[in-house]
Amino acid sequence: MSTVIIKYNAGNIQSVLYALERIGQQALVTDDPELIHKADKVIFPGVGEASTAMGYLKQRGLDVLLRELRQPVLGICLGMQLMCSYSEENDTSCLGIFEERVKKFSGQDEDEKDAGDGRLKVPQIGWNNIFDLKTPLFAGLAENSFCYFVHGYYASLGEQTIARTDYIQPYSSALHKDNFYGVQFHPEKSAQVGEKILRNFISHI
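Residues numbered from 1 in each chain as written. Predicted model: local features only at pLDDT ≥ 70, side-chain atom pairs only at ≥ 80, totals over all residues. Heavy atoms only, no water.

Visitor: Can you help me understand unusual backbone geometry in this one?
Guide: What is expected of a backbone is that most residues other than glycine have negative phi and most peptide bonds are trans. The linkage connecting Val122 with the following residue, Pro123, adopts the cis geometry, with an omega of 5°. Within the secondary structure, Pro123 sits in the loop between β9 (121–122) and β10 (124–130). Residues other than glycine seldom take positive phi values, yet Cys77 does so here, at roughly 55°. The topology assignment puts Cys77 in the loop between β4 (73–76) and α5 (78–82). Among the residues examined, Cys77 registers a relative accessible area of 7% and is labelled buried. (Helix = DSSP H or I, 4+ residues; strand = E, 2+ residues; numbered from the N terminus. Buried < 20%, exposed > 50% of the residue type's maximum accessible area, 1.4 Å probe, protein only.)

Visitor: Sorry if this is basic, but what is going on with the pairing of strand β11 (residues 145–151) here?
Guide: Within a regular beta strand, the side chains point alternately toward one face of the sheet and then the other, so they alternate between its two faces. What you see with β11 is a clean split: Ser145, Cys147, Phe149 and His151 sit on the buried side and Phe146, Tyr148 and Val150 on the side with no burial. Pairing analysis gives seven bridges linking β10 to β11, with the strands arranged antiparallel. Residue Ile130 lies in a different strand from β11, and its bridge partner there is Ser145. (Pairing = 2+ DSSP bridges.)

Visitor: Please clarify how the nonpolar core should be interpreted in this entry.
Guide: Core analysis: the biggest nonpolar cluster contains 34 residues, and Leu137, Phe138, Phe185 and Ile197 have the highest contact counts within it. Those elements that place two or more of their residues in this core are α1 (13–22), β4, β11, β13 (161–167), β14 (169–177), β15 (180–183) and α6 (191–204). Not counting residues up to four positions away in its chain, the partners in contact with Leu137 are Ile162, Tyr181, Val183, Ile197, Asn200, Phe201 and Ile205. If you look at the next biggest cluster of nonpolar residues, it comprises 32 residues, including Tyr8, Leu65, Val73 and Tyr153. (Core = buried A, V, L, I, M, F, W, Y, C linked by side-chain atoms within 4.5 Å. Contact = heavy atoms within 4.5 Å.)

Visitor: How do you make sense of the side chain of Glu100 when you look at a structure like this?
Guide: You can see Glu100 is positioned in the loop between β6 (92–93) and β7 (101–104). Beyond its immediate sequence surroundings of up to four residues, Glu100 is in contact with Cys84, Ser85, Tyr86, Ser156, Leu157, Gly158, Glu159, Gln160 and Leu175.

Visitor: Explain the side chain of Gln81 to me, please; I cannot follow it from the model alone.
Guide: On the secondary structure map, Gln81 appears in helix α5. The contact partners of Gln81, leaving out residues within four places of it in the chain, are Cys94, Val102, His151, Tyr153, Tyr154 and Gln184.

Written out as C-alpha cells, the structure reads:
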C-alpha cells in the first residue's frame, strides 16, 4: 500500500506525515505527477489562503492532475475547500470536484475587541463535534465525536455532505464524491478520533 502527500506551498505536510507514521503508515511527500498517479492513496492537505494556493497548483499543473485521479483522495482543511467549486476567499474559482461553495463565516473577527454580544469569533479555532456521519471514512466513530478545527471559511451543506458541524450555522465538515473525500477539520491534530479516520481512509476506502 503506497500513500503520497501532495507537496505544494499550502500544505500542513509534516504534521500529516507524522500522524500517518503514528498509525504505522509510511508516506511519500511529492509533487511528481507520475508518483502521484501510481499511489494507492493520495492525501491533499492544506493551510493558508485559497487564491494563492490555487495559483500555485495551476502553475505546476497540479489542478489538472488532481481532477484526473482515480484512486482515493483525501483533502484536509484548505485542501477540502480547494476541491469545492468556488471560494469567497479572494473570489477564487477552485477545482470543482465537489459542488459545494465555500463561504466566509459571519461572526466577530479575531482582531476585533470583544463586543460582549455573544457572537462567535472567526476563525473557528479549537475542538468541535461532527455528526450525521456517513461513508466508511467514519466507520467505528460515534456521532458527535470531537475533532480539531482551524478555519474562517466553510463549505455549504449539500448532497455531497457526509458529516456536519455547527459553528455560527451548520456546515459541511466532510464531503464525498466518487473517489474524493474531504474533511474540514485536521485529523492529524484530532487525537484518537483523527487517527481512526486516517486508518479508515488508508485501510477501508
